[in-house]
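Secondary and tertiary structure notes
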Amino acid sequence: MTPLRKKMISEMQLRRFSLNTQESYLRSVSGLANYYNKSPDKISGCQLKDYVLFLTNERSLSWSTINTITAGIRFFYTEVLGRKDMALAIPPRKTPRHLPEIFSRGELLALFSSTANLKHRTMLMAAYGCGLRISEVISLKVANIDSSRMMVKIEHGKGDKDRYSILSPRLLAELRSYWKAYRPDPKGWLFPNRSTKERLTRSTPQLVFKKTKKKAGIRKKVTFHSLRHSFSSHLLEVGVDIRTIQILLGHSSITSTAKYLHVARKDLSSAKSPLDLLYVPDTKKF
């Protein structure tokens, strides 16, 4: 490990960055160094701009991906090298707002019934029924299921925050069937790796979702995270207030939760088009 890499890791640990953020930032700086085949502290501001253009024009990466990469590079130059001039070489980029794809109820039923694997089905149902991120699903422990209060405790969520979400009776019944069939290992993971008995990697739920989605014949551009989006939107549609949904999702700002107002069918379908308010003459008279 080079001294620069070691120092960058130390600076991120001091700020209590999550492991995912640390790995992402390290990849960002490694990508820059590998592109020029030199140590990142030897790269100029012009080269940095050219690299961002390369990511945009030749690799055609999305704005959000480029923003993530440049965030890691900015951190390296400002906090590790103390060179704010290099950070200024990367102009800020706005991220276009794209509304999330939402499952219909019929699609969710098709998804859950398209896998005979009880563990996989329970995993998908937990993500939707509790509004969980993929990292939160694989981090669930048996002790996190509180059937007496009908709550699920999510530990070390995004930003290293704990929170509670709701536990539906249907999910509880599925969890009990899963428990009888699998008896998760003594280490406590709810969905452990079958061979190692350790926590699952993120790729496993993603592969499960992709395979099940295809089998269910769902053509929407949905991902595993769309289960969480659908949890929020469907709660809005049945009248749960947005503040409660914010707490269940663990959002720090209600602005993050407010985007679901744009996709919840209840709010949109209750609005009348102004065209319907106009007097339309009977054209049959002409």
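Values in this document were obtained by computation on a predicted structure and should not be read as measured data.

A word on the overall build of the protein
Looking only at helices and strands, the protein features 14 helices and three strands. The long-range share in the protein, meaning contacts at least 24 apart out of those at least 6 apart in sequence, stands at 59%. Of the roughly 17,400 Å² of accessible surface on the protein, 55% is carried by carbon and sulfur atoms.

Section: unusual backbone geometry
Look at Arg16: it is not a glycine, yet its phi comes out positive at around 60 degrees. Here Arg16 lies in the loop between α1 (3-14) and α2 (19-36). By relative accessible area, which is 67% here, Arg16 ends up exposed. Positive phi is not limited to glycine here, since Ser60 has a value of about 55 degrees. With respect to the helices and strands, the residue Ser60 is situated in the loop between α3 (45-58) and α4 (63-80). Given the relative accessible area of 55%, Ser60 is considered exposed.

Let's talk about the packing of aromatic side chains
Within the structure shown, the criterion is met by 13 aromatic pairs. Pairing Phe17 with Tyr25 gives two aromatic rings, centres 5.8 Å apart and planes at 85 degrees, and the pair type is edge-to-face. With relative accessibility at 24%, the residue Phe17 sits in the partly exposed group. An aromatic cluster is present here, built from Tyr35, Tyr36, Tyr51 and Phe54 joined pairwise through their rings. Just above the ring of Trp189 sits the side chain of Lys141; from NZ or CZ to the centre is 5.1 Å. Over the aromatic face of Tyr164 sits the side chain of Arg149, whose NZ or CZ is 5.0 Å from the ring centroid.

Some points on the packing of helix α7 (residues 118-130) against helix α10 (residues 203-216)
At a closest axis distance of 11 Å, the pairing of α7 and α10 adopts a crossing angle of 95 degrees. When the interaxial angle is binned, α7 and α10 end up roughly perpendicular. Counting all contacts with α7, which are made through His120, Met123 and Leu124, the residues of α10 involved are Pro205, Val208, Phe209 and Thr212. Along the lines of polarity and charge, the residues of the contact of α7 with α10 split into five nonpolar, two polar and no charged.

Side note on the nonpolar core
Core analysis: the biggest nonpolar cluster contains 33 residues, and Phe103, Leu111, Leu124, Phe191, Phe209, Phe224 and Leu227 have the highest contact counts within it. When residues in this core are grouped by element, the largest group, seven residues, is from α7. Not counting chain neighbours up to four residues away, the residues in contact with Phe209 comprise Phe103, Leu111, Leu124, Val222, Thr223, Phe224 and Leu227. Residues Phe54, Ile69, Phe75 and Ala89 belong to the second largest nonpolar core, which totals 25 residues.

Comments concerning the sheet that holds strand β3 (residues 163-166)
Taken in spatial order, the three strands make up an open sheet running β1-β2-β3, and their pairing is antiparallel. The strands lining the two open edges of the sheet, one partner per strand, are β1 (145-146) and β3. Direction of pairing for strand β2 (residues 151-154) relative to β3: antiparallel, over a ladder of four bridges. Considered in β3, the bridge of Met151 is made with Ile166.

Side note on the pattern of salt bridges
Under the criterion given, the structure shown has ten salt bridges. The partner of Glu237 in a salt bridge is Arg105, with the nearest N and O atoms 3.3 Å apart. Of the two residues, Glu237 is situated in helix α11 (residues 226-237) and Arg105 in helix α6 (residues 105-112); the sequence distance between them amounts to 132 residues. As a salt-bridge pair, Glu174 and Arg121 come within 2.6 Å of each other at their nearest N and O atoms. Here Glu174 is found in helix α9 (residues 169-182), whereas its partner Arg121 is found in helix α7, with 53 residues between them in sequence. Take Glu174: its relative accessible area is 14%, and that puts it in the buried class.

Conventions adopted
- Residues numbered from 1 in each chain as written.
- Predicted model: local features only at pLDDT ≥ 70, side-chain atom pairs only at ≥ 80, totals over all residues.
- Heavy atoms only, no water.
- Helix = DSSP H or I, 4+ residues; strand = E, 2+ residues; numbered from the N terminus.
- Contact = heavy atoms within 4.5 Å.
- Areas by Shrake-Rupley, 256 points an atom, 1.4 Å probe, with all protein chains shown as cover.
- Buried < 20%, exposed > 50% of the residue type's maximum accessible area, 1.4 Å probe, protein only.
- Phe/Tyr/Trp six-rings, centres within 6.5 Å; stacked < 30°, edge-to-face > 60°.
- Lys NZ or Arg CZ within 6 Å of the ring centre and 35° of its normal.
- Axes fitted to C-alpha atoms, helices over the stretch in contact; angles between N-to-C directions.
- Parallel < 35°, antiparallel > 145°, perpendicular 65-115°, else oblique.
- Nonpolar A, V, L, I, M, F, W, Y, C, P; charged D, E, K, R; others polar.
- Core = buried A, V, L, I, M, F, W, Y, C linked by side-chain atoms within 4.5 Å.
- Pairing = 2+ DSSP bridges.
- Salt bridge = Lys/Arg side-chain N within 4 Å of Asp/Glu carboxyl O.

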